[in-house]
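Listed below are the residues making up each chain.
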Amino acid sequence: MIRVLIVDDSIFIRTILKDTLSASPGIEIVGSASDGEEALRMIDELRPDAMTLDIEMPKVSGIELLKRLKGAEYRPKILMLSSLTSKDAEHTRLALSLGADDFMLKPQDIFRVRGLKEELVAKIRHLIEIRPAQKVSSVSDELATHVVLFGSSAGGLQQLDRVLSDLSPEMTAAVVITQHMPEGFTAALAERFNRICPLPVHESENGHLIKKGEVIVCKAGFHSVISALLTREGKTGGKIVHSTAPPVHAVRPAIDKTFSSAARTYGRNTLAVVLSGMGNDCGEGAVDVKAAGGTVFVCKEEDCLVYGMARSALKRNSVDKVLPLSDIPREVLKTVRTMEMGNV
């Protein structure tokens, strides 16, 4: 049983969180607090396994609470709840640096609050189940010759947690993740992923040369286009180019932009994986990956919150395998190794 403490100054949010989590098997709500001062007392008394934590609160804020917990005898796993503002984006990254374990965005639309169940429950479980990764001992400086692309939207964050935590440290391909997300939050997301993935994870930077065995999270607010390059030594590879071209499918970054440009750069050495998400983003990109000789996987519908993106690729007959989420890390490594052998 996972024992959870809820900390939020809004009685409405506390009620929603309590109703949602208490209805989930294996989760028990042991208490709720309206500010950080009350939460500190309850942590000491109740010793919860996990805690949801608001940022802006009276008396003692979420940030101040994290600072006080630094030297505490006991600290639960902490899930920050953030609003969609630039200020909260900065506070979220600060919270992670102060010891918060993960974060989740509060829905902007009050009518969508009840729809957060799957993500909230998954994140609480992952706080307990997914341990910090044993990081690779050294990072390659060689240009990647193979690339693994992940396209993800609604429902995809909890899937990425699982996939990245199970990635093999022997992965030699570069991994590029395009996740639909508000501006300002992908840096915090990369920091979170870096804790649970054995490979180094960072947010994309304009002009970054794509290296072997690294994971890149595409920066929100830009399309991450993968451009081909030729070094002075005659080596070929790819680099990230941030584009402010108009949104595609009403989003930026668009998965199609990254998939299609990667296919042009890496050709048959491209593996694209489509996770949960709504809409049609990734369908055209999957077509381009296949046309270039690459490989496309989609996650099976039963493991996805929303199946629009995967269905978009399936309708275009551009999918090689439909996989359970648990099989994706293993199949990714197997496919990359097959690609490498084909290039020998």
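These figures come from a predicted structure and were not determined experimentally. (Residues numbered from 1 in each chain as written. Predicted model: local features only at pLDDT ≥ 70, side-chain atom pairs only at ≥ 80, totals over all residues. Heavy atoms only, no water.)

**Structural notes on the overall build of the protein**
Where we set the bar: In DSSP terms, a helix is any run of H or I states spanning at least four residues, a strand is any run of E spanning at least two, and both are numbered starting from the N terminus. Computation of the radius of gyration draws on C-alpha atoms, with the globule rule given as 2.2 Å multiplied by the number of residues to the power 0.38. A 1.4 Å probe rolled over the protein chains alone gives each residue an accessible area, and that area as a share of the maximum for its type sets the label: buried under 20%, exposed over 50%, partly exposed in between. Note on definitions: a residue-residue contact is assigned when non-hydrogen atoms from the two residues lie within 4.5 Å. Here the open area of atoms and residues is found with the Shrake-Rupley method and a 1.4 Å probe, where only the protein chains shown may cover a residue. Charged residues are defined here as Lys and Arg on the positive side and Asp and Glu on the negative side; His and the ends of the chain fall outside this count. The atoms used to mark charge sites are NZ of Lys, CZ of Arg, CG of Asp and CD of Glu.
A tally of helices and strands in the protein yields 11 helices and 14 strands. The C-alpha radius of gyration computed for the protein amounts to 20 Å, which stays within 12% of the reference 20 Å derived for 344 residues, consistent with globular compactness. Taken along its principal axes, the extent of the C-alpha atoms in the protein is 60 × 40 × 35 Å. When each of the 344 residues of the protein is scored for burial, the buried share is 55%. Expressed as a percentage of contacts within the protein between residues at least 6 apart in sequence, the contacts between residues at least 24 apart total 74%. Just so you have it, the protein exposes about 14,900 Å², and 49% of that area is on carbon and sulfur atoms. Of the side-chain charges in the protein, 43 are positive and 44 negative, and the distance between the mean point of each set is 3 Å.

**Things to note about the nonpolar core**
Keep this limit in mind: Residues belong to one nonpolar core when they are buried, are Ala, Val, Leu, Ile, Met, Phe, Trp, Tyr or Cys, and are joined through side-chain atoms within 4.5 Å.
Ranked by internal contacts, the top residues of the largest apolar core, which has 87 residues, are Phe-150, Phe-193 and Ile-328. Each residue touching Phe-193, except ones within four places of it in the same chain, is listed here: Leu-157, Leu-160, Asp-161, Leu-164, Ile-177, Val-201 and Val-217. Counting 17 residues, the second largest nonpolar core, distinct from the first, contains Val-4, Ile-6, Leu-17 and Met-104.

**Examining the pairing of strand E7 (residues 174–179)**
Across a regular strand the side chains alternate sides, sitting on one face of the sheet and then on the other. Put simply, the rule reads: Two strands make a pair as long as DSSP finds a minimum of two bridges between them.
Counting buried positions over the 6 residues of E7 gives 6, a clear majority of the element. The alternating pattern of E7 places Ala-174, Val-176 and Thr-178 on one face and Val-175, Ile-177 and Gln-179 on the opposite face, and all of these are buried. Where strand E6 (residues 147–152) and E7 come together, 6 bridges link them in parallel fashion. Bridging from a neighbouring strand, Leu-149 pairs with Val-176 of E7.

**Considering the sheet that holds strand E3 (residues 50–54)**
What holds strands together in a sheet is hydrogen bonding between their backbones, with the strands either parallel or antiparallel. As a reminder of what qualifies: For helices, the fitted line uses only the C-alpha atoms of the stretch in contact; every axis is such a line through C-alpha atoms, and the angle between N-to-C directions lies from 0 to 180 degrees.
Pairing is parallel in the open sheet, where 5 strands are placed in the order E2-E1-E3-E4-E5. Among the strands making up the open sheet, the edge pair consists of strand E2 (27–33) and strand E5 (102–105). The sheet shows a mean angle of 25° between the axes of neighbouring strands, taken without regard to direction. Each of strand E1 (2–7), E2, E3 and strand E4 (77–82) touches helix H1 (residues 11–22); the most contacted strand, E2, lies at about 165° to it.

**Some thoughts on the environment of Ile-29**
By secondary structure assignment, the location of Ile-29 is in strand E2. Between the C-alpha atom of Ile-29 and that of Glu-129, which follows or precedes it by 100 residues, the distance is 18 Å. Sequence-distant contacts of Ile-29, defined by excluding residues within four places in its chain, comprise Val-4, Ile-6, Lys-18, Leu-21 and Ser-22.

**What about the pattern of salt bridges?**
Working definition: two side chains of opposite charge can pair if their charged atoms are close together. As a reminder of what qualifies: Salt bridges are identified by distance alone: a Lys or Arg side-chain nitrogen within 4 Å of an Asp or Glu carboxyl oxygen.
Scanning all chains against the criterion turns up 18 salt bridges. One salt bridge connects Arg-192 with Asp-102, and the closest N-O pair in it is separated by 3.4 Å. Residue Arg-192 is located in helix H7 (residues 186–196), and its partner Asp-102 is located in strand E5; the two are separated by 90 residues in the primary sequence. In this pair, the class of Arg-192 matches that of Asp-102, namely buried. Taken together, the salt bridges that share partners define one network made up of Asp-102, Lys-123, Asp-161 and Arg-192.

**Describing the sheet that holds strand E9 (residues 215–217)**
As summarised here, the arrangement of the 7 strands in space is E8-E9-E7-E6-E12-E13-E14, forming an open sheet in which the pairing is parallel. Strands with a single pairing partner mark the edges of an open sheet, and in this sheet they are strand E8 (201–203) and strand E14 (321–323). The average angle at which neighbouring strand axes cross in this sheet is 20°, direction not considered. Inspection of the sheet shows strand E13 (residues 295–299) paired to E14 by 3 bridges, in the parallel sense. Considered in E14, the bridge of Phe-297 is made with Lys-321. Here helix H10 (residues 308–315) sits on the sheet in contact with E6, strand E12 (270–274), E13 and E14, set at roughly 140° to E13.

**Re the side chain of Thr-295**
Mapped onto the elements, Thr-295 comes out in strand E13. Residue class for Thr-295 comes out buried when judged on its relative accessible area of 17%. Those residues within four positions of Thr-295 in sequence are excluded, and the remaining contacts are Thr-270, Leu-271, Ala-272, Val-289, Asp-320, Thr-335 and Met-339.

Geometric descriptors of this kind do not, in isolation, establish any biological role.
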